[in-house]
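# What the coordinates show
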Amino acid sequence: MTLDSLWIVGPSRCGKTTRLVEQFCIWVQGANHSQDLFYTINSVESSKSFIPRRVFLHPNNPGVLMFAANSDNQRELNDKIMTSTQGKHPIRVKTPLGFFQDEVILYFPLLVKLLNLKAQFPVRLRPETEQELATKLWKNYLTDDILRRAGVNEYRLVRRILDLLQLAALSGTACEEIGNVLATALQQESNSHLEADFLADLLLEWRNWCLQRGFLSYGIITELYSQHLLPNPSYQQRLVQRYQAILADDVGDYPAIARNLFEVLLDQGVVGAFSYNPDGVVRLGLGADPKYVEGLAARCEVETLTQRHVKSLGDVLATPIIELITEPMTLLSLPDTVQSMETMSRALLLRQTAEMIVKAVKEKLVEPKDIVIIAPGLDAIARYSLVEILSKQNIFLHSLNDQRPLIASPIVRALLTLVALVYPGLGRWVDRDAVAEMLVVLSRGNLQREGEGKIDPVRAGIIADYCFVPHPDQPDLLAATAFDRWDRLGFAATTAYGDILQWIQEKRGRVVARLLPSPISLIYTAIEKFFLNGSILPYDQLAVLRELLETAQHYWEIDTRLRPQEIGKETELSQSTIAEFIQLLRRGTVSANPYPMRPLGLAANAVTLATIFQYRASRKSHKWHFWLDIGSPLWAKGGAATLFGANIFLRDRLGQPWTAEDETIAEHQRIKRILADLLARVSERLYLCHSELAVNGQEQLGPLLPLVNACVSVVNEAIEV
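Residues numbered from 1 in each chain as written. Predicted model: local features only at pLDDT ≥ 70, side-chain atom pairs only at ≥ 80, totals over all residues. Heavy atoms only, no water.

## Regarding the packing of helix α8 (residues 154-171) against helix α11 (residues 218-229)
Between α8 and α11, whose axes approach to 8 Å, the crossing angle comes to 25°. By the angle between their axes, α8 is roughly parallel relative to α11. α11 is crossed by α8, and the crossing has left-handed handedness. Contacts from Leu165, Gln166, Ala169 and Leu170 of α8 reach α11 at Tyr218, Gly219, Ile220, Thr222, Glu223 and Ser226. Of the residues belonging to the contact of α8 with α11, the class tally is 5 nonpolar, 4 polar and 1 charged. (Axes fitted to C-alpha atoms, helices over the stretch in contact; angles between N-to-C directions. Helix = DSSP H or I, 4+ residues; strand = E, 2+ residues; numbered from the N terminus. Parallel < 35°, antiparallel > 145°, perpendicular 65-115°, else oblique. Left-handed = near helix turned anticlockwise from the far one by under 90°. Contact = heavy atoms within 4.5 Å. Nonpolar A, V, L, I, M, F, W, Y, C, P; charged D, E, K, R; others polar.)

Rendered as structure tokens:
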């Protein structure tokens, strides 16, 4: 039997993605031209050279369905293909979830007909909005007794239940079958857990409630696609008309229903090329099902890549290091390329790690861009300490995929305080400290003319003490003259405060006259007035403002659909929605997720800081690695928490109970994958950074501790070349 599709398998950094791009070039330009585009891969172990049947693709619309495991890899794959083809072929690379979402929205009229839904444009729910709406819907069910039996608070329980819907959908399990799967999996559990039927009923009610209103969460989107859209013959026919080939990178991080999609296309004669790295699986426990997706290999010609294009420490260290972890009593010593850094406290460890980097950079042993600090988890103290020490030596630090809550931004807090001062009924969300911070932040952004100053924290505190009038319904700000010694504020601060006060009073008048369409327009006007009028904000602050506006727009769009405006009740509804919006942001559930910008100039030469999960997902590599908190037990978790119920929705063990023995085996396998993957991504030197005590003062005795005892300990005074 001739196999037309290609399955590329190999360890990290062996050229799998490059081989995929080469295959794309073969498809769109012909096999005779492929050698001009890429080097010949000489590290292939296969029965024969893979030459698929000729695929005729239109140059202006190649008809290739392309997938990447996550958004970072998506952009890199897109760039590689555009570079290799000189931009001659328009392409779109999608993540699996991104593709499902696009298809459900595109074919929503078909789903309306199939499911007899109300014809309305669908609205995608963000996770934080999904959480809030589900909490309100289930309020009467989540009693104190239920929370006590679940052993978690209301927020975490709601998140767990919603995750069950998404995990089931990703596995190809219908919402109606979740109860049966849970009943089988939890039958051996103690009575402290919630009944499977209870959880299933909540999810069915939530799913139906959302569909009636046109709301689509990720879980509902995935279920609609896997259970209704993909099996539909009409949709399958149109899918095959649109695509003649599939290209999928790192399929080990794809959900089970991705294989269902690929098989539908392969059954219709579409050719495919897939890459798979057994050690590179990152999202197991977060919806990925690598074992099930790996079954696609049986339908493909298997091409095994064995040699890495760039040398790494993993070539010689992977075997002994894994042996040290699996057999702790093994008497092995690691070479000088691996060294340990040991301290008593974590604070001292952070300082010595940063000082080691500073010394190495100053002695020109390595460039900052070639260094990464990897930790199982990163707290604010660690980030601040490393940034503070390195920045004083003019060394930049770049946090990989750093997502902080919007409320952590002073600009966002200032704007929320401003909203609470303008709209009535929000006085409980304003206090003296918030007003002082608002004055400082707004006056800094309002430097329109040369000579205008700003309100410093001391003057802002004085104004808040003497001019702020708390009130539950309408808090107020008095004129600066209400302070007996207002002349001591200075001309610049008094003028800036007067401008802010005048703006607030003007907007209050517009709210009373109902001339302000919504709080979104108020926030946008405030941004224009105080931050974009003569000021140039840095990129990170612009990203936060953009995310705030998008979040507000989304929130009011949901509110408009849920609560049709009634004559005479607009103000009441608006106040309630604004209060809920402020509470949502204050809980820290919304984070800024800016489109990644590639730094230029000095900022491009920066040390990278990342968690294990973030670094492995990015598929990056560096010359020097610093593994922080090597004694932490979190290394066995891979730096990411497993979703509740993730293991019982894996296709090879669907509904089977997850035992302590299963967890132990899974942890051992996860550690092996992490070590093999990370060692393949470091080429020159590895530092194992260990403190005997963790942040909470407990002794660190994690699974990687034997590595510290098997290598040479190094101090800052002696860095060997």
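After presenting the structure, the write-up continues.
## Some points on the nonpolar core
Within the largest apolar cluster, 79 residues are counted, with the highest numbers of intra-cluster contacts made by Phe99, Trp138, Trp206, Tyr225, Leu261, Phe262 and Phe274. With 9 residues, the top contributor of residues to this core is helix α10 (residues 196-213). Beyond its immediate sequence surroundings of up to four residues, phenylalanine 274 is in contact with Leu6, Trp7, Ile8, Leu20, Ile246, Ala248, Val251, Phe262, Leu266, Leu296 and Cys300. Core analysis: the second largest hydrophobic core is formed by 62 residues, Val412, Leu421, Leu426 and Leu501 among them. (Core = buried A, V, L, I, M, F, W, Y, C linked by side-chain atoms within 4.5 Å. Buried < 20%, exposed > 50% of the residue type's maximum accessible area, 1.4 Å probe, protein only.)

## What about the pairing of strand β8 (residues 271-276)?
Of all 6 residues making up β8, 6 are buried, and the element is well covered by its neighbours. Judged by which residues are buried, β8 turns out to be covered on both faces: Val271, Ala273 and Ser275 on one side and Gly272, Phe274 and Tyr276 on the other are all buried. Summarising the sheet, strand β1 (residues 5-9) and β8 pair through 4 bridges and their orientation is parallel. Looking at β8, one finds that valine 9 is bridged to tyrosine 276. The parallel pair strand β7 (residues 245-248) and β8, bridged by helix α13 (residues 256-267), forms a crossover whose chirality is right-handed. (Pairing = 2+ DSSP bridges. Right-handed = clockwise from strand over helix to strand, strands pointing away.)

## Description of the confidence of the model for the protein
Looking at the protein as a whole, the pLDDT averages 84, with 88% of positions reaching at least 70. The low-confidence segment residues 31-49 (pLDDT under 50) makes 31 contacts with residues lying over four places distant or belonging to another chain. This stretch, residues 716-721, has a pLDDT under 50; its non-local contacts, to residues over four places away or in other chains, come to 16 contacts. (pLDDT = per-residue confidence, 0-100.)

## Examining the sheet that holds strand β17 (residues 682-691)
Read across the sheet, 7 strands follow the order β12-β15-β11-β16-β17-β10-β18 without closing on themselves; strand pairing throughout is parallel. In this open sheet, the two edge strands, each paired with only one partner strand, are β12 (396-399) and β18 (712-713). The pairing of β12 with strand β15 (residues 606-611) spans 4 bridges and is parallel. Residue phenylalanine 396 lies in a different strand from β15, and its bridge partner there is alanine 606.

## Describing the side chain of arginine 673
Note on placement: arginine 673 falls in helix α26 (residues 660-679). Although arginine 673 is buried, it forms no salt bridge, and the closest oppositely charged side chain is aspartate 279 at an N-O distance of 6.6 Å. Excluding anything up to four places from it in sequence, arginine 673 contacts Pro278, Asp279, Val281, Leu284 and Arg616. (Lys, Arg positive; Asp, Glu negative; His and termini not counted. Salt bridge = Lys/Arg side-chain N within 4 Å of Asp/Glu carboxyl O.)

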